Amino acid sequence: APASGRAVRRPVARAGLTPRVAFDQMLVALLLLICWPIAEVYVAITVAGAIGVLWTILLLIASWPIGTWVTRSQGRAAWRRLSDALAAGRPPGKEVLDGALVLFGGGLLIVPGFITDVIGLCLLLAPIRALTRRGVVRIIQSRLMIRAVRFTRGPGSNDVDSTASDIDQPSLRP
């Protein structure tokens, strides 16, 4: 505290999204929505140049039923693991996240495009899904920690310098 005895309020470094970070994330999402289809078309044209237009179209069409079938089979396996975890009394966090990743990977296989197919297939492979799950868990944990810190450190909660001082109370007149 300064010599005057008054507390100095210092700005709190807030964890989480600042307007600049939120804007940057929206800009990245917009660029992704623009660049992703362009990349898919580029890859499709490149594949068509290598194997022919007819085979490229057949591959793109074939990925839909294959994606549906693989999603069903992997989804059943994920559901069995979830049921087993619940029956054993374990928290099913890993199994729930696995099921979500399988569903997301299968959805990417159903969406036409070679890039989405490769990412979808990767999410359906157990070793890659395990690596992805670890990354997703880290992201979720860090966001939960940021929210917990933000909740416990609200505005004004950092003024703990004990700046109170005793003053003489005016005497009460009868």
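Notes on the structure follow. Residue numbers run consecutively from 1 along every chain, following the written order of its sequence. Two thresholds apply to this predicted model, a pLDDT of at least 70 for residue-level local features and 80 or more for giving and counting side-chain atom pairs, whereas whole-chain, interface and lining totals are computed over all residues. Water and hydrogen atoms were dropped before computing side-chain values, which therefore reflect all heavy atoms in the structure.

Next up on the list: the overall build of the chain. A run of H or I in DSSP counts as a helix once it spans at least four residues, and a run of E counts as a strand once it spans at least two, with each numbered from the N terminus. Along the backbone of the chain there are 5 helices and 0 strands. Three labels apply to residues, based on accessible area from a 1.4 Å probe with only protein chains included: buried if under 20% of the type maximum, exposed if over 50%, partly exposed otherwise in between. Across the 174 residues of the chain, 19% fall into the buried class. Considering only intrachain contacts with a sequence separation of at least 6, the fraction spanning at least 24 residues in the chain is 63%. Note on areas: these come from Shrake-Rupley sampling with a 1.4 Å probe, and a residue is covered only by the protein chains present in the view. When the accessible surface of the chain is totalled, it reaches about 13300 Å², and 70% of it is carbon and sulfur. Residue contacts are counted whenever heavy atoms from the two residues lie within 4.5 Å of one another.

The next point concerns the packing of helix 2 (residues 53-87) against helix 3 (residues 93-110). Axis definition: a line fit to C-alpha positions, over the contact stretch in the case of helices; interaxial angles, taken between N-to-C directions, run 0 to 180 degrees. Where helix 2 meets helix 3, the axes come as close as 8 Å, and the angle between the chain directions of the two elements is 175 degrees. Overall, the two elements helix 2 and helix 3 adopt an arrangement that is roughly antiparallel. Counting all contacts with helix 2, which are made through Ser63, Trp64, Gly67, Thr68, Thr71, Gln74, Gly75, Ala78, Arg81, Leu82 and Ala85, the residues of helix 3 involved are Glu95, Val96, Asp98, Gly99, Val102, Gly106, Leu109 and Ile110. Put simply, Ala, Val, Leu, Ile, Met, Phe, Trp, Tyr, Cys and Pro go in the nonpolar bin, Asp, Glu, Lys and Arg in the charged bin, and everything else, Gly too, in the polar bin. When grouped by side-chain class, the residues that make up the contact of helix 2 with helix 3 number 8 nonpolar, 8 polar and 3 charged. Our angle categories are set so that under 35 degrees counts as roughly parallel, over 145 as roughly antiparallel, 65 to 115 as roughly perpendicular, and the remainder as oblique.

Patches draw on residues past 30% relative accessible area with no salt bridge. Two like charges within 9 Å are joined, as are two nonpolar side chains (Val, Leu, Ile, Met, Phe, Trp, Tyr) within 5 Å. Just to be clear on terms, a salt bridge is a Lys or Arg side-chain nitrogen sitting within 4 Å of an Asp or Glu carboxyl oxygen. Asp and Glu are treated as the negative residues and Lys and Arg as the positive ones, with His and the ends of the chain left uncounted. Charge coordinates come from a single atom per side chain, which is NZ of Lys, CZ of Arg, CG of Asp or CD of Glu. Where like charges cluster on the molecular surface, the positive patch consists of Arg72, Arg76, Arg80, Arg81 and Lys94. Here the positive patch gets 4 residues from one element, more than from any other, and that element is helix 2. Within the secondary structure, Arg76 sits in helix 2. Judged by relative accessible area, which is 53%, Arg76 ranks as exposed.

Multiplying 1.5 Å by the residue count of a helix minus one yields the expected span of that helix. Here helix 1 (residues 19-51) is 33 residues long and its end C-alpha atoms lie 47 Å apart, about the 48 Å a rise of 1.5 Å per residue gives. For helix 1, the set of buried residues is Glu40, Ala44 and Ala48. Looking at the packing, one finds that the buried side of helix 1 touches helix 2 and helix 4 (114-124). In the segment just after helix 1, Gly52 is the residue with positive phi, at about 105 degrees.

Relative to each other, helix 2 and helix 4 sit at 25 degrees, their axes nearing to 11 Å. Relative to helix 4, helix 2 is oriented roughly parallel. Taken as a pair, helix 2 and helix 4 cross one another with a handedness that is left-handed. Residues Thr56, Leu59, Leu60, Ser63, Val70 and Gln74 of helix 2 lie in contact with helix 4, whose contacting residues are Phe114, Asp117 and Leu124. When grouped by side-chain class, the residues that make up the contact of helix 2 with helix 4 number 5 nonpolar, 3 polar and 1 charged. Two helices that cross are described as forming a left-handed crossing if the nearer one is turned anticlockwise from the farther one by less than a right angle, and a right-handed crossing if clockwise.

Okay, the side chain of Glu95 next. For Glu95, the location among the structural elements is in helix 3. Of the residues examined, Glu95 reaches a relative accessible area of 11% and is grouped as buried. Side chain to side chain, Glu95 and Arg90 meet in a polar contact 3.5 Å long. Definition of a polar contact: a pair of N or O atoms within 3.5 Å, with one able to donate and the other able to accept a hydrogen when the atoms are protein atoms, and with sequence-neighbouring residues admitted only if both atoms are side-chain atoms.

A word on the pattern of salt bridges. Scanning all chains against the criterion turns up 4 salt bridges. When the shortest N-O distance is used, the salt bridge between Arg20 and Asp24 registers 3.6 Å. Pair noted here: Arg20 and Asp24 are both in helix 1, with a separation of 4 residues, about one helical turn. Between Glu95 and Arg90 there is a salt bridge whose closest N-O contact spans 3.5 Å. Salt bridges sharing partners connect three or more residues here, namely Asp98, Arg129 and Arg133.

With that out of the way, let us pick up helix 2. Because each turn of an α-helix spans 3.6 residues, side chains separated by three or four positions end up pointing in the same direction. Over its 35 residues, helix 2 runs 51 Å from end to end, which matches the ideal 51 Å to within 8%, given 1.5 Å per residue. The principal kink in helix 2, of about 25 degrees, is found at Ser63, preceding the proline Pro65 by one to four residues. Check the buried side of helix 2 and you find it contacts helix 1, helix 3 and helix 4. Gly89, located one to two residues past helix 2, shows a positive phi value of around 80 degrees. Bending is quantified residue by residue as the angle between axes fitted to the seven-residue window ending at that residue and the seven-residue window starting at it.

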